[in-house]
Amino acid sequence: MMYFGFPDENIESIPKGEYYVQAVLHKYQTFNLASKPFKIIFDPTNHNIIKIILSEVNPNIYEPKDTEYIRHIKIRSQLLTEFLGTDIFSSTCISTSWL
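Structural notes on the overall build of the chain
At step 1: Looking only at helices and strands, the chain has 1 helix and 7 strands in total.
At step 2: Listed by position from the N terminus, the elements making up the chain come as β-β-β-β-β-β-α-β.
At step 3: Within the chain, buried positions represent 13% of all 99 residues.
At step 4: Partitioning the contacts of the chain with sequence separation of at least 6, the portion at a separation of at least 24 is 32%.

As structure tokens, then:
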């Protein structure tokens, strides 16, 4: 079974067991940090602190180049851009056989 930080409302809803955990901090275009994944033994009745260190820097994701067979489309989201205060885009790719 896999659990994520959201949408669980509280940590007590996660069953006792062994889990691999990893933290990721993604700040849009600025930086992308992560911890190394590691195994913990989790018990929601135990209130021990689990220390997670953001020690890894993930490389930037570069925009793919169009090829003879694939075209990439990028559309700016006006609502998300206004809400987050930075340009946010949705992107997809299509086969040139559809063009």
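Here we look at the nonpolar core
At step 1: Formed by Ile14, Tyr19, Val21, Ile40 and Phe42, the largest nonpolar core amounts to 5 residues.
At step 2: Elements represented by at least two residues in this core include exactly β1 (17-21) and β4 (38-42).
At step 3: When neighbours within four sequence positions are excluded, Phe42 is seen to be in contact with Ile11, Ile14, Pro15, Lys16, Gly17 and Tyr19.

Regarding the sheet that holds strand β2 (residues 24-27)
At step 1: Across the sheet, which stays open at both edges, the 3 strands sit in the order β2-β3-β5 with antiparallel pairing between neighbours. Here the strands that pair on one side only, and so sit at the sheet edges, are β2 and β5 (56-57).
At step 2: When strand β3 (residues 31-34) meets β5, the two strands line up antiparallel, connected through 2 bridges. The residue bridging Ala34 from the neighbouring strand is Glu56, located in β5.

Points about the side chain of Asn32
At step 1: The residue Asn32 is located in strand β3 in this model.
At step 2: Taking the relative accessible area as the measure of exposure, Asn32 reaches 14% and is therefore buried.
At step 3: Those residues in contact with Asn32 that lie beyond four places of it in its chain are Val24, Leu25, His26, Glu56, Val57 and Asn58.

Notes on the packing of aromatic side chains
Any pair of aromatic rings gets described here by the distance separating the centres and the angle formed by the planes.
At step 1: What the rule picks out here adds up to 1 aromatic pair.
At step 2: Relative to Phe42, the ring of Tyr19 lies with its centre 6.3 Å away and its plane at 80 degrees, an arrangement referred to as edge-to-face. Pair noted here: Tyr19 is in strand β1 and Phe42 is in strand β4, with a separation of 23 residues, a long-range link.
At step 3: By relative accessible area, Tyr19 is classed as buried at 17%.
At step 4: When its relative accessible area of 10% is taken as the criterion, Phe42 is described as buried.

Describing the pattern of salt bridges
At step 1: Scanning the model with the defined rule gives 5 salt bridges in all.
At step 2: The shortest N-O distance in the salt bridge between Lys16 and Asp43 comes to 4.0 Å. Here Lys16, found in the segment before β1, pairs with Asp43, found in the loop between β4 and β5; they are 27 residues apart in sequence, far enough to count as distant.
At step 3: Since its relative accessible area comes to 62%, Lys16 is described here as exposed.
At step 4: Of the charged contacts, one joins Lys39 and Glu18 as a salt bridge, the two residues approaching to 3.6 Å between their closest N and O atoms. Highlighted residues: Lys39 in strand β4 and Glu18 in strand β1, separated in sequence by 21 residues.

About the cut-offs
- Starting from 1, residues in each chain are numbered consecutively following that chain's sequence as written.
- Totals for whole chains, interfaces and linings use all residues, but because this is a predicted model, local features are given only for residues with pLDDT of at least 70 and pairs of side-chain atoms are given and counted only at 80 or more.
- As a rule here, side-chain values cover all heavy atoms of the structure and leave hydrogens and water aside.
- Secondary structure follows DSSP: runs of H or I at least 4 residues long count as helices, runs of E at least 2 residues long count as strands, and numbering of each begins at the N terminus.
- Accessible area is worked out with a 1.4 Å probe on protein chains only. A residue is then buried under 20% of its type maximum, exposed over 50%, and partly exposed in between.
- A contact between two residues is defined here by any heavy atoms of the two lying within 4.5 Å.
- Only buried residues count toward a nonpolar core. Its members are Ala, Val, Leu, Ile, Met, Phe, Trp, Tyr and Cys residues joined through side-chain atoms within 4.5 Å.
- A pair of strands is labelled paired if DSSP reports no fewer than 2 bridges between them.
- Aromatic contacts are taken between Phe, Tyr and Trp rings whose centres are within 6.5 Å, Trp giving its six-membered ring; a plane angle under 30 degrees counts as stacked, one over 60 as edge-to-face, and the others as tilted.
- We define a salt bridge as a side-chain nitrogen of Lys or Arg found within 4 Å of a carboxyl oxygen belonging to Asp or Glu.

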